[in-house]
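The primary structure of each chain is shown beneath.
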Amino acid sequence: MKLAFSIAKRFLTSGKTQTLMIALGIAIGVSVQVFIGSLISGLQNSLVDKTIGSSSQITVKAAETGNYISDYADKIIVIEGVSTDIEIVSPAVNQSGALVNSESSEPVLARGFDFSRANDIYQFDQKLVEGRLPVSNNEVVLGIDLYNTMALSLNDTVEFQVPLVGTTSFTVVGVYDFNVKQINQTWILTNLDTLQDLLSIGDEVSQIEMQVKDVFAAEELALVVETTLEDSNLTVDNWIAQNAELLSGLQGQSISSLMIQIFVMVSVVLGISSVLAITVLQKSKQIGILKAMGIKDKDASLVFLFEGLILGILGAILGVLFGLGLSYMFTTFAIGADGNPVVPLYIDFGFIALSAGIAVAAATIASLIPARKSSKLSVIEVIRNA
Amino acid sequence: MPKILELKKINKIYGENTKVPTQVLFDIDLSFEESSFNSIIGQSGSGKSTLLNILGTLDKPSNGSVLINQIETSKMKKNQLSNLRNETIGFIFQFHYLLPEFTALENVLMPYQISKRPITKEVLARANELLDLVGLEKVKNNLSINMSGGQQQRTAIARSLMNQPKIILADEPTGNLDSDTTEQIYELLREINKKYKTTFIIITHDRHIAEKADRIIEIKDGRINLDITK
Amino acid sequence: MKKTYYNTFLKYLDDENRDASIDYALQLIQEQKVTLEEMYLEILTPSLTEFFCSNEDEEICIWKEHERTSIIRTILESLYVYVIHRKKQIPSKGKTVMVLCPSEEYHEIGAIIVSHFFALSGYDAKYIGANTPKNDIVSAVKALKPDMLALSVTNYYNIVVTKKITEEIKSKYPDVKIIVGGQAFSHKDALSQVQYDYHLSDLTTIASLEGGKSI
């Protein structure tokens, strides 16, 4: 082993330019791998974050419309016990109705939250553009579009009318901007008590909302939640079921990224094995003389396996550095109007380590062919062809 | 004198399974005594190099047997042959075949490293001593590509001696050297022959080397044409 | 008596005294103290074959030997006058013998002595010379059509070329008898390598050679 390694090392150091070129070849493969990987996962993360980052990913509802969930506090405890992957659990009451003031009447969806929990899902505090979140009953926060449409100002009083149920008046204490017109126009936010009182439902809620650690595991988790709750009056929904198109888009992206990475690796493997095959030819004289001196076939092939391994490691290290450098440049120079990167990169060190590992493995596997060739090389051919 | 090398009824046919097989050696019977100094002469294409390669187990005869130290080699496995070569035979080739990536000293040490024994102070001292013997004390740390032809050939000689082999096989060891260097190399080989009792079998077309050998064997058309001992 | 002449001659040679050596040798013949045959066999040949160099330095021995050889060659050439004289007194055998050394063979004293002996025995002896290439030997045999070809070989490596010469002569001119001689044939197996009719190891047997065959 040591003998083969030291010969391999010497072969590589004696042809520094060639060694560097091969290592660079591998490095470019690895850097593309690292960069594309970071870019795609950054893209996906930001897309997912934008779409479902600030919304409920798993939602427990009453099975029949119009029904509410009783003993929700107990159910929250049960749900929290299902898995540590469920990070946030938050109850909510929903009620549609009309928001009315002296000049206009707008259809809205009133959403009652326990803000200490719901804020973790929706990040209301970051989306407030004016005022504050509701602290006491009958305080409300409106979306900026609705706020403007109705030409309101803070501390104005508006009426919330729910047909067949009644009317209550709200004080506007804040304005939010979700960057989504649909929400900005319709959602009005208040606390749980306000809506529970209005609807006379006691301590019941419309739904229990959740966010999970791995958004793509939402479907499985939803199933687990459903079986754990074991309540036929409840249904469990998840974002994946609701956003099939987004998901297939993301999957398509993942697959194309995987394809790119596979092709990059294939070209790296082909490149290395062909270059190493040439080095066997270049070194055939040396292998021949080593064999005449009695080196074993196994050691002769180990020389090239080690060459592959060393080149792989060298290429992987360089490649990771290039890839990170490229990513850094991308985030520094490809920036949008707001000063943020066009696509935020997602640097996953596990993924980088994997890419490096694959490159090393690929280089070693690529050297199997030349290693076999070296093992089979007969001294007599070398001497006769001198 | 015990026989250190013996060839019995050696035939060598190239392309045996083709339509035009060429036989290069015919029923060669030959044996060499321990610590003798032998030369093999013959025209190019006579089969003398093939004969030497078969003697050194680098090539296999089509039939017949090769005995090294009275041990039959034809049934030995590849690894056993490698060990046998490493321990018993030193090779010197015309184009010296040094490893250009290594220094003279490292080249000399290589046969020892191949045997995978640890390089002790004594071993290093021996390699240095051999380089002194061939007169290369000043260039021993030079890369072999940075040495002259004569220096490279001396390095190859020192290397062939590293594992104290009983036999040295040399194929035109002075083939591309000038006559003065040839004379020096020859004197060196003779000195080693006397000092270490090493058996030498040298292919040469240089009559000055051949006529000084203890025995001259001429190969002609794959047969022994002449075999005389001083 | 003859031993005294030899010792005196050897003393001059040891001193590398060219003039005295030659003078003394010619004087011995002129005064008929020794015959030509005795001169060759008992004085000149032993002075070369029994040459012992006490000097440890091999190189010195080599030039000493060369100088000694040169002195003896001069003597031999000077003696040819006497050979001619003797030839006239004996009947010719009517047979031609060609004497030579093969290529790269420069030790020609033996060959010269042999050619003189053939002449003294009534042969028509033609001395071709040292270092004669194979092709020249073949064309000389073709032109001169000798009955015998005498090859003198000293260096044993020259057996290689001698073998080639004898094989070619025998195949092209099978009637020509081949006589071989010289130090090279004292080596093991050397004689068996060449084609020959007679191995000349004793000069006195030349007189009794008939057409290349010993009696």
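Residues numbered from 1 in each chain as written. Chains lettered and ligands numbered in written order. Predicted model: local features only at pLDDT ≥ 70, side-chain atom pairs only at ≥ 80, totals over all residues. Heavy atoms only, no water.

To continue, consider the overall build of chain C. A count of helical and extended segments in chain C gives eight helices and five strands. Overall, chain C shows an N-to-C arrangement of helices and strands of α-α-α-α-β-α-β-α-β-α-β-α-β. For 215 residues, the compact-globule estimate of 2.2 N^0.38 gives 17 Å, and chain C sits close to it at 18 Å. For the C-alpha atoms alone, the extent of chain C along its principal axes is close to 50 × 45 × 25 Å. Buried residues in chain C amount to 47% of all 215 residues. In chain C, the proportion of contacts linking residues at least 24 apart, taken out of those at least 6 apart, comes to 73%. Carbon and sulfur atoms form 50% of the exposed surface of chain C, whose accessible area is close to 10700 Å². Between the averaged position of the 24 positive side-chain charges in chain C and that of its 30 negative side-chain charges there is a distance of 9 Å. (Helix = DSSP H or I, 4+ residues; strand = E, 2+ residues; numbered from the N terminus. Rg over C-alpha atoms; globule rule 2.2 N^0.38 Å. Buried < 20%, exposed > 50% of the residue type's maximum accessible area, 1.4 Å probe, protein only. Contact = heavy atoms within 4.5 Å. Areas by Shrake-Rupley, 256 points an atom, 1.4 Å probe, with all protein chains shown as cover. Lys, Arg positive; Asp, Glu negative; His and termini not counted. Charge placed at Lys NZ, Arg CZ, Asp CG, Glu CD.)

Once that is clear, we can look at the overall build of chain A. When helices and strands are counted, chain A shows 16 helices and 10 strands. At 32 Å, chain A has a C-alpha radius of gyration far larger than the 21 Å of a compact globule built from 386 residues. With respect to the principal axes defined by its C-alpha atoms, chain A has extents near 105 × 50 × 30 Å. Expressed as a percentage of the 386 residues in chain A, the buried residues total 49%. Summed over its atoms, the accessible surface of chain A is roughly 18100 Å², and 59% of this surface lies on carbon and sulfur atoms. Between the averaged position of the 22 positive side-chain charges in chain A and that of its 37 negative side-chain charges there is a distance of 33 Å.

Moving on: the domain arrangement of chain C. In many reports, interface size means the accessible area that the parts give up when they come together. Residues and elements named next belong to chain C. By domain assignment, chain C separates into domain 1 (2-87) and domain 2 (96-208). Each of domain 1 and domain 2 was reduced to a C-alpha centroid, and the two centroids are 24 Å apart. If you look at the interface, domain 1 gives 14 residues, while domain 2 gives 10 residues. Buried area between domain 1 and domain 2, summed over both chains or domains, comes out near 1200 Å², and the portion from carbon and sulfur atoms is 78%. For domain 1, the biggest contributors to the area lost against domain 2 are Tyr40, Leu41 and Leu76; these three give 38% of the whole. Applying the counting criterion to the domain 1 and domain 2 interface returns one salt bridge. With its nearest N and O atoms 3.2 Å apart, the salt bridge here joins Glu108 to Arg73. The interface formed by domain 1 and domain 2 holds two residue pairs in polar contact (both at pLDDT 80 or more) in total. The set of elements that each furnish at least two residues to the side of domain 1 that touches domain 2 consists of α3 (36-49) and α4 (58-87). (Domains from an automatic or database assignment. Buried area = accessible area lost by both parts, 1.4 Å probe. Salt bridge = Lys/Arg side-chain N within 4 Å of Asp/Glu carboxyl O. Polar contact = N/O pair within 3.5 Å; in protein donor to acceptor, adjacent residues only side chain to side chain.)

With that settled, consider the packing of aromatic side chains. All names here are of chain A. One pass over the structure, following the stated rule, counts 20 aromatic pairs over all chains. Residues Tyr122 and Trp187 carry aromatic rings whose centres are separated by 5.8 Å and whose planes lie at 75° to one another, so their mutual orientation is edge-to-face. With Tyr122 in helix α4 (residues 115-122) and Trp187 in strand β8 (residues 187-191), this pair connects stretches of sequence that are 65 residues apart. Assessed through its relative accessible area of 2%, Tyr122 is described here as buried. (Phe/Tyr/Trp six-rings, centres within 6.5 Å; stacked < 30°, edge-to-face > 60°.)

Attention shifts here to the pattern of salt bridges. Under the definition given, this model contains 27 salt bridges over all chains. Between Lys78(B) and Asp297(A) there is a salt bridge, with its nearest N and O atoms 2.7 Å apart. Remark: Asp297(A) occurs in helix α13 (residues 297-333) and Lys78(B) occurs in helix α2 (residues 78-88); the pair is interchain, linking two chains. Residue class for Lys78(B) comes out exposed when judged on its relative accessible area of 53%.

Before going further, it helps to spend a moment on the sheet that holds strand β2 (residues 22-33) of chain B. All names here are of chain B. Within the open sheet, the four strands sit side by side as β2-β1-β4-β5. Their pairing is antiparallel. Pairing within the sheet leaves two strands with one partner each, and these edge strands are β2 and β5 (71-72). Here helix α1 (residues 48-55) sits on the sheet in contact with β1 (3-14), β2 and β4 (63-68), set at roughly 125° to β1. (Pairing = 2+ DSSP bridges. Axes fitted to C-alpha atoms, helices over the stretch in contact; angles between N-to-C directions.)

All names here are of chain B. Along the chain, the position of Ser160 falls in helix α5 (residues 149-161). Note on Ser160: relative accessible area 5%, which makes it buried. Among the polar contacts made by the side chain of Ser160, one reaches the main-chain carbonyl oxygen of Ile157 at a distance of 2.6 Å. Residues contacting Ser160, with those up to four places away along its chain left out, are Gly90, Phe91, Ile92, Pro165 and Ile168.

By contact count, the leading pair among the two pairs of chains in contact is chains A and B. No interface is formed between chain A and chain C, the nearest pair of C-alpha atoms being 27 Å apart.

For the rest of this paragraph, the subject is the packing of helix α14 (residues 349-366) of chain A against helix α15 (residues 368-376) of chain A. All names here are of chain A. Contact geometry for α14 and α15: axes closest at 4 Å, N-to-C directions at 30°. The angle between the axes of α14 and α15 places the two elements in the roughly parallel class. Every residue of α15 that contacts α14 at Thr364, Ile365 and Ala366 is listed here: Leu368, Ile369 and Pro370. (Parallel < 35°, antiparallel > 145°, perpendicular 65-115°, else oblique.)

Residue and element names in this part refer to chain B. In this structure, β1 lies alongside β4, joined through five bridges in antiparallel fashion. Within β4, the position partnered with Leu5 by the bridge is Ile68. By the bridge criterion, two bridges tie β4 to β5 in an arrangement that is antiparallel. Paired with Ile68 across the strands is Ile71, a residue of β5. The antiparallel hairpin formed by β4 and β5 contains two residues in its connecting segment, where Asn69 sits at a positive phi of about 55°.

Before going further, it helps to spend a moment on the domain arrangement of chain A. Taken domain by domain, chain A consists of domain 1 (2-51 + 247-384) and domain 2 (68-232). Measuring from the centre of the C-alpha atoms in domain 1 of chain A to the corresponding centre in domain 2 of chain A gives 52 Å.

A cluster of nonpolar side chains, namely Ile255(A), Leu258(A), Met259(A), Ile262(A), Phe263(A), Val266(A) and Leu270(A), defines an oily patch on the protein surface of about 680 Å² accessible area. For Met259(A), a relative accessible area of 40% corresponds to the partly exposed category. (Patch = residues over 30% accessible without salt bridge, like charges linked within 9 Å, V, L, I, M, F, W, Y side chains within 5 Å.)

The interface of chain C with chain B comprises 14 residues on the first partner and 15 residues on the second. Both faces combined, the contact of chain C with chain B buries some 1400 Å², and carbon together with sulfur accounts for 58% of it. Taken as a group, Tyr156(C), Tyr157(C) and Val160(C) account for 47% of the area that chain C buries against chain B, more than any other trio of residues on that side. Summed over the shared surface of chain C and chain B, the result is one salt bridge. Here Glu218(B) ties to Lys164(C) by a salt bridge, and the two come within 3.2 Å at their closest N and O atoms. Summed over the shared surface of chain C and chain B, the result is eight residue pairs in polar contact (both at pLDDT 80 or more). Residue assignment for the side of chain C that touches chain B shows that the elements contributing at least two residues are α7 (159-172) and α8 (190-193) of chain C. The leading source of residues in the side of chain C that touches chain B is α7(C), at four residues.

A separate point is the interface of chain A and chain B. Listed by partner, the interface residues are 26 residues for chain A and 26 residues for chain B. Between chain A and chain B, the buried area comes to about 2400 Å², and carbon and sulfur atoms account for 62% of it. The interface formed by chain A and chain B contains four salt bridges. Where chain A meets chain B, there are 10 residue pairs in polar contact (both at pLDDT 80 or more). Of all the secondary structure elements, the ones that give two or more residues to the side of chain A that touches chain B are α1 (2-14), α12 (284-292), α13 and α16 (379-384) of chain A.

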